[in-house]
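Single-letter residue listing:
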Amino acid sequence: ATMEEVIKANRSALEEKVKEARAFMRKTVQNTNKPIAVAFSGGKDSLAVLGLALEEFENFTVFFNNTGIEFPETIEYVKEIEKELKKKNIKFIIADAANAFWNSLSVFSPPGRDYRWCCKVTKLGPITLTIKEHYPEGVLMFVGQRKYESMQRYKQPRVWKNPWVPNEIGASPIFHWNALEVWLYIFSRKLKYNPLYENRLDRIGCFICPSSSLAEIQTLKEEKPQLWKKWENELKKWKDRFGMPEEWITHGFWRWRRLTKGQKAIARELGVEVPEKRTWEPIRYSLEERNGEFILKINTKIVLERIEEVAPILGEVSKERDSIKIDSIVFTKEEVRAKSREDAVRAYYLIKRAYECVGCGVCVGKCPENALRINPHTRKIEVDSARCIHCGECMEVCPLLKIKNPQEGSQL
Ligand code: SF4
Ligand code: SF4
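Looking up the chain in an unreviewed UniProt entry gives the name 4Fe-4S dicluster domain-containing protein, with the organism given as Thermococcus litoralis.

Below you can see the structure in the form of structure tokens.
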């Protein structure tokens, strides 16, 4: 059958879905009373949502998050879409991660399925900052999430509050659609879709994604050898640094920070020794208890001027000639003295953020007092001491310290 015949045969069922989705969008707009936006990724699901929004609304904004690790075809395609939207007077905003991924690699080491710093740095941070800038009062973001994508998605509500972006409500008009319905809709409306779909690549997100299967990586190698080479060259450096065997790359063990049981079994079967866990800490510490005090030392100098820029996060700051005191924690150029182990570790976390900050912006969006900013020259955070209330929220979200839920930030 031709595509026309398929569409004709499914027309009434499809139009029912469209009607329901559009009614959902209308109702959600009424209920939330916020400006309308569509998150467009260059993929088929967000294209369908964009199509529905164009049918339903005259005025809305389209957001595109350029992670900096997109396929060049996606960027070209999105530019074409942007041009067409501009003709319709639809505002188009890009949340651009630029080189953040490549620049952050030396701090974090390669991402893994259990180590998704990449999503925070290339998606969550830029999106948070962009929305905060353009919609400080909040926004209603229509996204192309579908319950059939994964078990986790299945359990999600159709409308939700984004825990990362203050005042952002997310909603998915195509939540109940399956992939076939999405394609039917795209063909029925003759929407221009990403040419990568005709290139055997149906994962059109970041090309280095650690969630890729070995088959997807193989397709990448065959279809886009130069992109794979770029990533493989990085992986080779890390392989040597970690003392990993060749198979770490060829069999995709790099896709985990700590190998799963299944991966360990595969390594055994292959007869290769892959260390169970890889760790990378540019700033390391040693801790010693001396006369009831905890003495923290790090593997580099403590630059007090830099500590001062972030110090309020831990508490009230007082400056002395050669030291900075934050509550009872004393920072000198050589060491940190604290009254408890917890305080010493908190001091280490502060130093780590002060030095290793990659300027992702995730904490900036999360700070309830608007006390954080990224210095445009150093690309690192600074705290406004007049605003900071030492709540510690920003410590909880920084990808340098912990990535609690591996899915965090990957589900935008
Ligand atoms: S999140 Fe809390 S501790 Fe961090 S900068 Fe903002 S007010 Fe200060
Ligand atoms: S301190 Fe803030 S901006 Fe810097 S890496 Fe952590 S979350 Fe990102």
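Engineer: Which residues make up the site of ligand 2, and what values go with them?
Structural biologist: The environment of ligand 2 is made up of R353, C357, V358, G359, C360, G361, C363, I374, I381, C398, P399 and L400. Per-class residue counts for the shell around ligand 2 are 9 nonpolar, 2 polar and 1 charged.

Engineer: Give me the lowdown on the nonpolar core, citing residues and values where you can.
Structural biologist: Side chains of nonpolar character tend, in soluble globular proteins, to be buried together. Counting residues in each nonpolar core, the largest one holds 97 residues, and the members touching the most others are F101, W231, W248, I307, F331, L350 and I351. If we skip the residues at most four places from it in the chain, F331 touches L304, I307, L314, D322, S323, I324, I326, V336, A347, L350 and I351. Residues A53, W177, V182 and L184 belong to the second largest nonpolar core, which totals 37 residues.

Engineer: Describe the side chain of S323, and please don't skip the residues or the numbers.
Structural biologist: Mapped onto the elements, S323 comes out in strand β10 (residues 323-326). What makes S323 buried here is its relative accessible area of 12%. Once residues within four sequence positions are removed from consideration, S323 is found in contact with L304, V330, F331 and T332.

Engineer: Describe helix α5 (residues 117-134), and please don't skip the residues or the numbers.
Structural biologist: Helix length check: α5, at 18 residues, gives a terminal C-alpha distance of 25 Å against a target of 26 Å (1.5 Å per residue), a fit within 8%. In α5, a bend of some 30 degrees at L124 exceeds every other bend along the element, and P126, a proline, comes one to four places later. For α5, a buried count of 13 out of 18 residues is recorded, marking the element as mostly surrounded by other parts of the structure.

Engineer: Kindly report on the confidence of the model for the chain, identifying the contributing residues and their values.
Structural biologist: Low-pLDDT stretches of the model should not have their predicted coordinates read in fine detail. Summary statistics for the chain give a mean pLDDT of 92 and a share of 97% for residues scoring 70 or more. Scored below 50 in pLDDT, residues 404-412 makes 23 contacts in the model with residues more than four places away or belonging to other chains.

Engineer: Tell me about the sheet that holds strand β2 (residues 61-66), and name the residues and values.
Structural biologist: Strand order across the open sheet formed by 6 strands is β3-β2-β1-β4-β6-β5, with mixed pairing between neighbours. Two strands bound the open sheet, and with one partner strand each, they are β3 (91-96) and β5 (159-161). Averaged over neighbouring strand pairs, the angle between their axes works out to 30 degrees when direction is ignored. The sheet contact formed by strand β1 (residues 36-40) and β2 spans 4 bridges and is parallel. Across the sheet, residue V38 finds its bridge partner in β2, namely V62. Running over the sheet, helix α2 (residues 44-56) touches β1, β2 and β4 (139-142) and is turned about 155 degrees from β1. Docked against the sheet, α5 engages β2, β3, β4 and β6 (168-171), running at close to 135 degrees with respect to β3.

Engineer: Describe the packing of aromatic side chains, with residues and values.
Structural biologist: For any pair of aromatic rings, the description consists of the separation of the ring centres together with the inter-plane angle of the planes. Applying the stated criterion across every chain, the model contains 21 aromatic pairs. Centre to centre, the rings of W238 and W280 are 4.9 Å apart; their planes meet at 85 degrees, and the pair counts as edge-to-face. Of the two residues, W238 is situated in helix α9 (residues 225-242) and W280 in the loop between α11 (261-270) and β7 (285-290); the sequence distance between them amounts to 42 residues. Owing to a relative accessible area of 28%, W280 belongs among the partly exposed residues under this scheme. Clustering of aromatic rings is evident, with ring pairs tying together F101, W102, F108, W117, W231 and W254.

Engineer: A description of the sheet that holds β7 should follow, citing residues and the corresponding values.
Structural biologist: Here 6 strands make up an open sheet; going across it, the order is β7-β8-β12-β11-β10-β9 and the pairing antiparallel. Edge strands, defined here as strands with exactly one partner in the open sheet, are β7 and β9 (317-319). Mean inter-strand twist for the sheet, computed between neighbouring axes without regard to direction, equals 20 degrees. Sheet analysis places strand β11 (residues 329-332) next to strand β12 (residues 336-338), joined by 2 bridges and oriented antiparallel. Its bridge partner being in β12, F331 is matched across the sheet by V336. Contacting β7, β8 (293-298), β10, β11 and β12, helix α13 (residues 341-356) crosses the sheet at an angle of about 20 degrees to β8.

What counts and how
- Residues numbered from 1 in each chain as written.
- Chains lettered and ligands numbered in written order.
- Predicted model: local features only at pLDDT ≥ 70, side-chain atom pairs only at ≥ 80, totals over all residues.
- Heavy atoms only, no water.
- Near = heavy atom within 4 Å.
- Nonpolar A, V, L, I, M, F, W, Y, C, P; charged D, E, K, R; others polar.
- Core = buried A, V, L, I, M, F, W, Y, C linked by side-chain atoms within 4.5 Å.
- Buried < 20%, exposed > 50% of the residue type's maximum accessible area, 1.4 Å probe, protein only.
- Contact = heavy atoms within 4.5 Å.
- Helix = DSSP H or I, 4+ residues; strand = E, 2+ residues; numbered from the N terminus.
- Expected span 1.5 Å × (residues − 1).
- Bend = angle between axes of the 7 residues up to and from the residue.
- pLDDT = per-residue confidence, 0-100.
- Pairing = 2+ DSSP bridges.
- Axes fitted to C-alpha atoms, helices over the stretch in contact; angles between N-to-C directions.
- Phe/Tyr/Trp six-rings, centres within 6.5 Å; stacked < 30°, edge-to-face > 60°.

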